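Letter by letter, the chains look like this.
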Amino acid sequence: MKLLANIAYHHHPNRVENLTKVIEAIKSYPVQAEIFVDTNDPQAAQELAHLPVTFHAHTAMGHPWELTSKHRHRIAEVYQHFDWVAYFEDDMMLPKEGFVNFTKQFDPMFEDNLYPSFTRIETYPDKEGEFSPDISFNLTPNMWREWNGKTYASLPYYINYHAFWMFSTKRLAEVLSRNPQALQMIPNNGLYRESLASMPIWSLELKPMLEMDENGELADHCKVYHLTNNYSNQSRDIKQIFKR
């Protein structure tokens, strides 16, 4: 399998460590990955030449957030040469098991207008456990679903945000055959940057599905790690959130 991975990276010394971890995770996937990094600074390609990626610098932008839209153009141009496409923000790290499970679950879920989803996880040196920066309340009964013999949580907009997206190119071709402008669609919801990282669930309106494991807890393959870990004041323990 071949993966086209795209990362939006605002160049700064403080962001290099997280970017490196994101890239290392992608390189661990059992696919042939081509990684493109869209950056706002031409110097990034020289200073980070040791990273196994291709840098594209974008300097003529009206707003820094426009950097998060650049992956859409690349995907539209070359997706036919890949099996999977993905977009990551530069501090969103998806472990190998999350990618592997996604590639197994995507097609059967897509048939039912569902999406094998993720939720952002943060960890802190002064707290034990894993925390959600996005979900501020315990799930209500209408958010639980059964599918294919397993229990899932389906979070509503906008707490289902997870700052990256992936898609099968076979299914993307189907989407584009019905709507050639699908990759340019951005919901008019006031969340421009977040919408660009949420195409399957916010633009295509696939229902996001978070799988629970045999212990009734959020499955590890549904966790994507927000490496900046900067929402400790508002985050909640995921074991409390997903307690049914």
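Our structure's up above, just so we're on the same page.
Residues numbered from 1 in each chain as written. Predicted model: local features only at pLDDT ≥ 70, side-chain atom pairs only at ≥ 80, totals over all residues. Heavy atoms only, no water.

Here helix 1 (residues 16–27) spans 16 Å end to end across 12 residues, near enough to the 16 Å set by a 1.5 Å rise per residue. Looking at helix 1, one finds that the buried residues are Val16, Asn18, Leu19, Thr20, Val22, Ile23, Ala25 and Ile26. Tucked inside the fold, the buried residues of helix 1 contact strand 1 (2–9), strand 2 (32–39), strand 4 (84–89) and strand 5 (92–93). (Helix = DSSP H or I, 4+ residues; strand = E, 2+ residues; numbered from the N terminus. Expected span 1.5 Å × (residues − 1). Buried < 20%, exposed > 50% of the residue type's maximum accessible area, 1.4 Å probe, protein only. Contact = heavy atoms within 4.5 Å.)

Ranked by internal contacts, the top residues of the largest apolar core, which has 77 residues, are Leu3, Ile26, Phe88 and Phe242. Non-local contacts of Phe88, meaning those with residues more than four positions away in its chain, are made with Ala5, Asn6, Ile7, Ala8, Val22, Ile26, Tyr29, Leu94, Ala163 and Phe164. Counting 5 residues, the second-largest nonpolar core is a separate cluster that includes Met109, Trp147, Tyr152 and Met209. (Core = buried A, V, L, I, M, F, W, Y, C linked by side-chain atoms within 4.5 Å.)

Moving on to the pattern of salt bridges. Close approach of charged atoms allows side chains with opposite charge to pair. Per the counting criterion, the structure on display carries 13 salt bridges. Salt-bridge contacts for Glu89 lead to Arg193; the nearest nitrogen and oxygen are separated by 3.4 Å. Taken together, the residues Glu89 in strand 4 and Arg193 in helix 6 (residues 192–196) connect sequence positions 104 residues apart. Taken together, the shared-partner salt bridges connect Asp107, Glu111, Arg171 and Glu174 into one network. (Salt bridge = Lys/Arg side-chain N within 4 Å of Asp/Glu carboxyl O.)

Along strand 13 (residues 223–226), one buried face is formed by Lys223 and Tyr225 and the opposite face, lined by Val224 and His226, is buried too. The sheet contact formed by strand 5 and strand 13 spans 2 bridges and is antiparallel. Looking across to strand 13, one finds that Met93 is bridged to Tyr225. Two elements, strand 7 (residues 119–121) and strand 13, share 3 bridges in a ladder whose sense is parallel. The residue bridging Arg120 from the neighbouring strand is Val224, located in strand 13. (Pairing = 2+ DSSP bridges.)

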